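One-letter residues, chain by chain:
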Amino acid sequence: MNPKKIGKIALLLIAILLLAGCGKENETTTKKIQEKKTSEPSINNKIEVPESQTEGMSKLTCTREADAGSDIDVNLDYEVYYQGEYIQILHSTEQVVTDNQETLDEYENAYKGIYKNYEGLKYYDNTVKRTDNSVTSDTVINYGKIDIDKLLDIEGEEDNVIKNGKVKLDDWLEFTEKFGMKCE
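Before going into details, it helps to say that this report is about the structure given with it. (Residues numbered from 1 in each chain as written. Predicted model: local features only at pLDDT ≥ 70, side-chain atom pairs only at ≥ 80, totals over all residues. Heavy atoms only, no water.)

## Regarding unusual backbone geometry
Right, so step 1: Its identity as a non-glycine residue notwithstanding, D71 has a phi of 60°, on the positive side.
Right, so step 2: Tracing the backbone through its elements, the reader meets D71 in the loop between strand 1 (58–64) and strand 2 (73–83).
Right, so step 3: In this structure, D159 takes a positive phi of about 60° despite not being glycine.
Right, so step 4: Within the secondary structure, D159 sits in the loop between helix 5 (148–155) and strand 6 (162–163). (Helix = DSSP H or I, 4+ residues; strand = E, 2+ residues; numbered from the N terminus.)

As C-alpha cells, this is what we get:
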C-alpha cells in the first residue's frame, strides 16, 4: 500500500477515534474523569522548543476538545509559532488518559504507526510516551526548515494546508476550526 495512503488512513483513524463518542457524558463518567484529572500525568513534560528557534516569532496557544468515549480523557494542546502570515513551527501534544490498557495499546500503536512514516525526516520530531494510564504523542514540525517536498511525499498534497511550500496561518486556523480548535 502507498505510504501516503497509509498516513492518511492512520490520521483518519485517530480522528475517528477521538471524535467517536462525542455527546453527553453521564454523571458517573464525568466524576471519574474529574477524579482522574487530579492524578493524571501532566502533559507539561513535553518536547521544548528552544527560544533561540522562535526568536522574532509570535505564538498562538491552541486547544481542542475531544471525547474518545467512556472513561477516556483526551488532552490536545498546540503551540503555533509564526512570522507574518506563515507558520514556522508547530508543536502538538496529544494525550489519551484511561485506565483501560487495551485502549492505551491501540493509541500507542496508532501513534507509533503514523509517525513511523516520518522517521528520518529532518525537522519533524516526534516522541510517543506511555505511562500506566496515558499515552502522549509530542510532535514538533519546523516548517521553516523542513524539506516540504519530502513532507508532501509522505502526506500527499490533497487536503493539505501546505501551499507553495508554506503553511499560511489563516489556512491552518480555518482547517483546524472545523475540528473544534480554539486559539488564544
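## Observations regarding the packing of aromatic side chains
Right, so step 1: Per the stated rule, a full pass over the model turns up six aromatic pairs.
Right, so step 2: Ring plane angle 40° and centroid distance 6.2 Å describe the contact between Y115 and Y124, whose orientation is recorded as tilted. In terms of burial, Y115 and Y124 fall into one category: buried.
Right, so step 3: Judged by centre distance (5.4 Å) and plane angle (65°), the ring pair of F175 and F179 falls under edge-to-face.
Right, so step 4: You can call F175 partly exposed: its relative accessible area is 35%.
Right, so step 5: These aromatic residues form a ring-pair network of at least three members: Y107, Y111, Y115, Y118 and Y124.
Right, so step 6: The ring of Y86 carries the charged tip of K166 above its face, separated from the ring centre by 4.9 Å. (Phe/Tyr/Trp six-rings, centres within 6.5 Å; stacked < 30°, edge-to-face > 60°. Buried < 20%, exposed > 50% of the residue type's maximum accessible area, 1.4 Å probe, protein only. Lys NZ or Arg CZ within 6 Å of the ring centre and 35° of its normal.)

## Brief notes about the pattern of salt bridges
Right, so step 1: As enumerated under the stated definition, the model contains five salt bridges in all.
Right, so step 2: Residue D105 pairs with R130 through a salt bridge whose shortest N-O separation is 2.8 Å. Here R130 lies in strand 4 (residues 124–130) and D105 lies in helix 4 (residues 101–116), a separation of 25 residues in the sequence.
Right, so step 3: Taking the relative accessible area as the measure of exposure, D105 reaches 33% and is therefore partly exposed.
Right, so step 4: R130 sits in the partly exposed class, given a relative accessible area of 28%.
Right, so step 5: In this structure, a network of salt bridges that share partners links the residues D105, E108, K112 and R130. (Salt bridge = Lys/Arg side-chain N within 4 Å of Asp/Glu carboxyl O.)

## Let's talk about the pairing of strand 2
Right, so step 1: Among the eleven residues in strand 2, nine count as buried, and that is most of the element.
Right, so step 2: The pairing of strand 1 with strand 2 spans seven bridges and is classified as antiparallel. Across the sheet, residue T61 finds its bridge partner in strand 2, namely E79.
Right, so step 3: Note: strand 2 against strand 3 (residues 86–97), eleven bridges, orientation antiparallel. Its bridge partner lying in strand 3, Q83 is registered against Y86.
Right, so step 4: Between strand 2 and strand 3, which pair antiparallel one after the other, the connecting turn spans two residues, and G84 there sits at a positive phi close to 60°. (Pairing = 2+ DSSP bridges.)

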